[in-house]
Amino acid sequence: MADYFQTVSLAVARLAKNDSENRQALYGRARVALVEQLCEITPRLSDTQLINEQIDLEKAIRKVESQHADATDVKAGTAVTPIAPMPKLFPKSTD
């Protein structure tokens with residue numbers, strides 16, 4: 001659907017303070033915004049499509065984070081931990 005890498009990369013570049021904490025907050029907002037926007041699409045996307053979009057966003061976030069993570073974060077042992085699995089946002093359809 002969207003070019004998540006470009007969108008996330010531009011948003012990170014616009015952060016007033018580009019540090020791990022601010023990037024993680026940005027990624028969290030991006031996750032919520034994606035779900036909200038995808039749920040508004042008519043006709044409704046299938047669960048598989050919704051999950052695939054979330055996966056694509058997570059891949060973009062990992063790629064952006066790998067480019068922006070400070071070497072000092074890694075040295076200090078404060079590197080970003082792996083992203084936890086998303087909670088089940090889309091219950092099984094009863095159709």
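Okay, so let's go over this structure.

Things to note about the packing of helix α1 (residues 4-13) against helix α2 (residues 20-39)
Here comes step 1: Running from amino to carboxyl end, α1 crosses α2 at an angle of 140°, the nearest separation of the two axes being 10 Å. One way to sum up the angle between α1 and α2 is to call them oblique. The chirality of how α1 crosses α2 is right-handed. Two secondary-structure elements touch here, α1 through Tyr4, Val8, Ala11 and Val12 and α2 through Arg23, Leu26, Tyr27 and Leu34.
Here comes step 2: Of the residues contributing to the contact of α1 with α2, the split by class is seven nonpolar, no polar and one charged.

Focus: the packing of aromatic side chains
Here comes step 1: Taken as a whole, this structure holds zero aromatic pairs when the rule is applied.
Here comes step 2: For the cation-ring pair, Lys63 lies above Phe5, with the distance from its terminal atom to the ring centre recorded as 4.4 Å.

Cut-offs and rules
Residues numbered from 1 in each chain as written. Predicted model: local features only at pLDDT ≥ 70, side-chain atom pairs only at ≥ 80, totals over all residues. Heavy atoms only, no water. Axes fitted to C-alpha atoms, helices over the stretch in contact; angles between N-to-C directions. Helix = DSSP H or I, 4+ residues; strand = E, 2+ residues; numbered from the N terminus. Parallel < 35°, antiparallel > 145°, perpendicular 65-115°, else oblique. Left-handed = near helix turned anticlockwise from the far one by under 90°. Contact = heavy atoms within 4.5 Å. Nonpolar A, V, L, I, M, F, W, Y, C, P; charged D, E, K, R; others polar. Phe/Tyr/Trp six-rings, centres within 6.5 Å; stacked < 30°, edge-to-face > 60°. Lys NZ or Arg CZ within 6 Å of the ring centre and 35° of its normal.

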